[in-house]
Structures are given as structure tokens and as C-alpha cells.
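# Topology and contacts: notes
Here's the letter readout for the chains.
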Amino acid sequence: MTKPLSAGTTPHSETGSRVVADPDDISRALRRLAHQVVENVKDVSNVVMMGIPTRGVPLAARLAKNISEIEGVSIPVGSLDVTLFRDDLRMRPSKALEHTHIPPVGINGKIVILVDDVLFSGRTIRAALDALNEYGRPAVVQLAVLVDRGHRELPIRADYVGKNLPTSLSEKVLVQISEIDSVDQVVILSGEDST
Amino acid sequence: MKHLISVQDLRRVDTFHILDTALELDRVTNGGNKLLPTLRGRTVVNLFYEDSTRTRISFERAAKRLSADVIHFSAKGSSVSKGESLKDTALTLNAMGADMIVVRHSSPGAAHRLAHAGWLDASVLNAGDGRHEHPTQALGDAFTIRAHLRPGAMDFDGLTIGIVGDVLHSRVARSNIFLLASLGARVVVIGPPTLLPVGMAGWPCEVGYSLDARLPELDAIMMLRVQQERMNGTFFPSELEYSRSFGLNRARAQVLPEHAIVMHPGPMNRGIEITAEVADGPRSVITEQVANGLKVRMACMYLLIGGEASAA
């Protein structure tokens, strides 16, 4: 990103970006998602959070922490790089691999909750399901995302959605997480901004 | 990066990118026991003009771990024995739709020619060209050194690595010297003058003629094979004498620093350049080198042909 982001929520403008979620919005959304998980999943002690790099990983850790605070059990957190399982590998230059970490408890028989920042085409999640297959057989796999921006190309949906964000295909959704980007926010970049 | 011909084409950052990718691939495949779908539908041709069982099966296994189709094309018993030229073989393989050619040839420069003559759309991976280079062996060795002496590091600054023996005939030595030096290591080449190439002055290494004098400073020692099949000149008086001066035995291994590792690219001549006791001893990382060679070959394949179709 070359252009500075406008601070606070601003109306959609031709000139670039608008912030659609600030740190408070994100933290509220993650608290709500934690409550939804607790309500929905019978046995929270059986849950394993798997973040999809890059930004799904800190989100998974935060969600796990929120659930721990509600239920008083610690939730194992891992990371799952899906690069090697993507169906669109050949459409771009080969990408550096991110770290995959399966928690020591494993995923067999567990309730695995995949966590990603943005749900878009659904192809990342399809690849993640293949990748999970390599590590075991979870009892249940669910999906939590901070932002669902629509435009699915596969029959995939999220179980827990922080924010539904209707977008046009020419826009880009940028999720920034303080562990990585030193700020928590969700930004929509208008078409002209993207390269 | 489309081809991998020489370690001299790799910047330090490229090398560590390959090593990190190898590390992650190893983790994901649980030590190579799992199959990844990454290269499904891609074809890797092993084009071997020289016999090499271990290198060939390592490449074959690497390609298969990534779900590529593997075709083995050996010079013996093929059109090559009927006199087909490298060019015509390349054109044939291209017409068949190969995505990668892994080539082993007795002539230095064969891999480069194959990559840059315009005969092929495929990526070319040099699996050893004459006395020139064997880049994936050196990358595997760098992986091994890093794992033991510099886990996670992005440089080899301060490490001293000895390469001992027949450097003259060894492409493994050549690739290792240039690669390890590019990562910041100090490389000391040790051997009888008859087995060191002329014109090493321009190489990024020091030269020593006495193994015993250098042992205490080595963090890793790489013993080279006495290549009996290439010994058609008189390079040293006898194997026994070679072994006495340049062989690694227990007494010499004890002079190495406590943390030092013992390496050998294989296949070994036990009793000549290394004694069985040292080769099987606790400092030996020789079998790990084989496993790590597989990892870096998977990484190179993923990085060269895993992404955007390289063919026009």
C-alpha cells in the first residue's frame, strides 16, 4: 500500500480507501464469535483452532483466548498453510510457504475451527479442507472468518462471520491485525487503488 | 528462477529461501511420508547420461512426493545409444510436454546448454554436469550444516568448513565451495596438490595440504570420495598412502572440535577416505545428508515448477 489510509469511517470516495471496521469493531466481533462458538459447540474442551496464515493465525489465537475466558478451558491453537493444496497454484508465481503447526493434541476426533481473515472465493477453504485431511480426521470442521465479502466460487459457507461486507469484485478487502500490521482495522480499497 | 544450473546463480537470500521451503515441506510431509498434490499433472523427466542410482532415486522420490509424473530416460538402452544428439533428445522431450528436465551429463555445461539453447520450454535442473556442478547436493549439504550448526540462521558467518580430497574431479566440492562461501562460511580445501584443480586462486576458499594441521579449526568436515573410475592418471602413489595422509580415522576425528560434524556425499569408499568407525560414528551426518538432499530437491521442484506455468 502506498496511499495513507484515512482515519475513521469515511464515505466511499473515488480516491481510494475507506475503513469499515476499527479496533473496537474487531474486538467486539471476535467476542461475539467466541460466544457463538461456545453456544454452538457442545464440548468446548474438544475444540482446536487452526488459523490460516498469515492473518488467520493471530485471529485464531484471539478467538481461542476469548473462548478460554468464557469457559475457563484452554483451547489449542495451530496454523495451517494451504499453499501446497491450492487449485490455482499454476496461475501465479510459486509462493513462499508459511508455517504449518498442528497442536500436539492432533486433530483426530476434534472439533476443528478454521479461522481466516476474509472469506472470498472459497478456494482457500477448499484447499484447507484437503490440507486437514493430511493430518487426520476431525469429528467436525467449522469455519470462522472476520469478514465475508461474498463472491463465492464454491459451495462453501462460514459458520461464524464477524462482519458481512458486500463488495464489488473490483474492490479489495484488507484486514490488518495488530500482531502483524501494528493496527487493527478492515479497509476496503476501491478498484482504482488495486494494481 | 526458471532453471537451477549453478549455485553461482543463487543469491544468499535465494539459497535460504530454498532451505526454508525444504524445512517447511519436510514438516508438512512429516519427513517425506505424505504425498502432496502440489505438482499433480506435471511431468518431470530424469534425463541421465551418467549412471547415478542415488541421485536418480532421490529426484524421483522428490517428484513423486509432490505428485508429479516421473519419466526416467537413461542414455543406456535408449535412442541416445543409437546416436541421438542432446538437441534432438531435448526437442523430443519438449514435444512430449515435459515441465522439468532433471539432467545428469558427463560434460560440463550440458545443463546450461539444455536450458538456454531454446530447445525447451521446460525448467532445467542440473543433477551434475561433468566436473562442473551439482547444485542440489550442495543445497542439501547446506541444509545439513544449518540444521546442526546454525539452526534458523540466515548466514554461515564464522563457520569453517573443510572439504577434503579429490576436489579436481568433484562437482560436489565445486558447488559446495561456491555455495558455502556465498553464505558467509570460510571454506578450507585440503588435499594432495595433484587432486586440487589448477587455477583455484580465484575461488572463494583457502587451500591446505595438511589435514592434521587444519582439523582443530573445522566446524564441519566433508570427505570426498576417491573416484576410482576417474583415476586414469597417477594422482597419488597408493590408496594406503592417500588414506594415511587424507583419510578420516578415529584419531583424526578426535582432534576435531567437540561440535564438529562429519559429512560425505556418498558413495563412500570405507577404509580409504573415511574409516567405517567414523562413518558410522556419532558425529557422522552422512545418512542425514541423503534425507536432506531429498528435501531440497522437493523445494527446488516446487519453486521452479510449482507456480505459474513456465511454458509460454
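Residues numbered from 1 in each chain as written. Chains lettered and ligands numbered in written order. Predicted model: local features only at pLDDT ≥ 70, side-chain atom pairs only at ≥ 80, totals over all residues.

It is worth spelling out the domain arrangement of chain B at this point. Residue and element names in this part refer to chain B. You can read the domains of chain B as domain 1 (7–133 + 291–305) and domain 2 (135–285). Computed from C-alpha atoms alone, the centre-to-centre distance between domain 1 and domain 2 is 25 Å. Of all the secondary structure elements, the ones that give two or more residues to the side of domain 1 that touches domain 2 are α1 (12–28), β4 (123–129) and α11 (286–305). Residues belonging to the side of domain 1 that touches domain 2 are distributed by class as follows: eight nonpolar, eight polar and six charged. (Domains from an automatic or database assignment. Helix = DSSP H or I, 4+ residues; strand = E, 2+ residues; numbered from the N terminus. Nonpolar A, V, L, I, M, F, W, Y, C, P; charged D, E, K, R; others polar.)

Before going further, it helps to spend a moment on the pairing of strand β2 (residues 47–51) of chain A. All names here are of chain A. The buried fraction of β2 amounts to five of the five residues, a majority that puts the element mostly inside the structure. Judged by which residues are buried, β2 turns out to be covered on both faces: Val47, Met49 and Gly51 on one side and Val48 and Met50 on the other are all buried. Relative to strand β4 (residues 111–119), β2 runs parallel, the two being bridged by five bridges. From the neighbouring strand, Val47 faces β4, where its bridge partner is Ile111. Alignment of β2 against strand β3 (residues 77–79), held across three bridges, turns out to be parallel. For Met49, the partnering residue across the bridge sits in β3 and is Val77. Handedness of the crossover joining β2 and β3 through helix α2 (residues 56–71) is recorded here as right-handed. (Buried ≥ 20, exposed ≤ 12 C-beta atoms within 10 Å, placed from the backbone. Pairing = 2+ DSSP bridges. Right-handed = clockwise from strand over helix to strand, strands pointing away.)

Before going further, it helps to examine the environment of Val186 of chain A. All names here are of chain A. Among the structural elements, Val186 can be located in strand β8 (residues 185–189). Judged by local crowding, Val186 falls into the buried class, with 25 C-beta atoms found within 10 Å. Val186 sits 121 residues away from Lys65 along the chain, and the two C-alpha atoms are 21 Å apart. If we ignore the near neighbours within four places in the chain, the residues touching Val186 are Val20, Ala21, Val147, Val173 and Val175. (Contact = placed C-beta atoms within 7 Å.)

What follows concerns the sheet that holds β4 of chain A. Residues and elements named next belong to chain A. Pairing in this open sheet of five strands is parallel, and the strands run β3-β2-β4-β5-β6 from one edge to the other. Two strands in the sheet have a free side with no partner beyond their single neighbour: β3 and β6 (160–164). Adjacent strand axes in the sheet meet at a mean angle of 25 degrees, parallel and antiparallel pairs treated alike. The sheet contacts of helix α1 (residues 23–40) involve β4, β5 (140–148) and β6, and relative to β6 the element is tilted by about 150 degrees. (Axes fitted to C-alpha atoms, helices over the stretch in contact; angles between N-to-C directions.)

Residues and elements named next belong to chain A. Look at helix α3 (residues 123–135): 19 Å from first C-alpha to last across 13 residues, which is about the 18 Å you get at 1.5 Å a residue. Listing the buried residues of α3 in full gives Thr124, Ile125, Ala127, Ala128, Ala131 and Leu132. Viewed end-on, α3 has its buried residues packed into an arc of 155 degrees, placing them on one side of the element. Each element contacted by the buried residues of α3 is listed here: β4 and β5. Residue Gly136 follows α3 closely and has a positive phi angle near 150 degrees. (Expected span 1.5 Å × (residues − 1). Arc of directions from axis to C-beta.)

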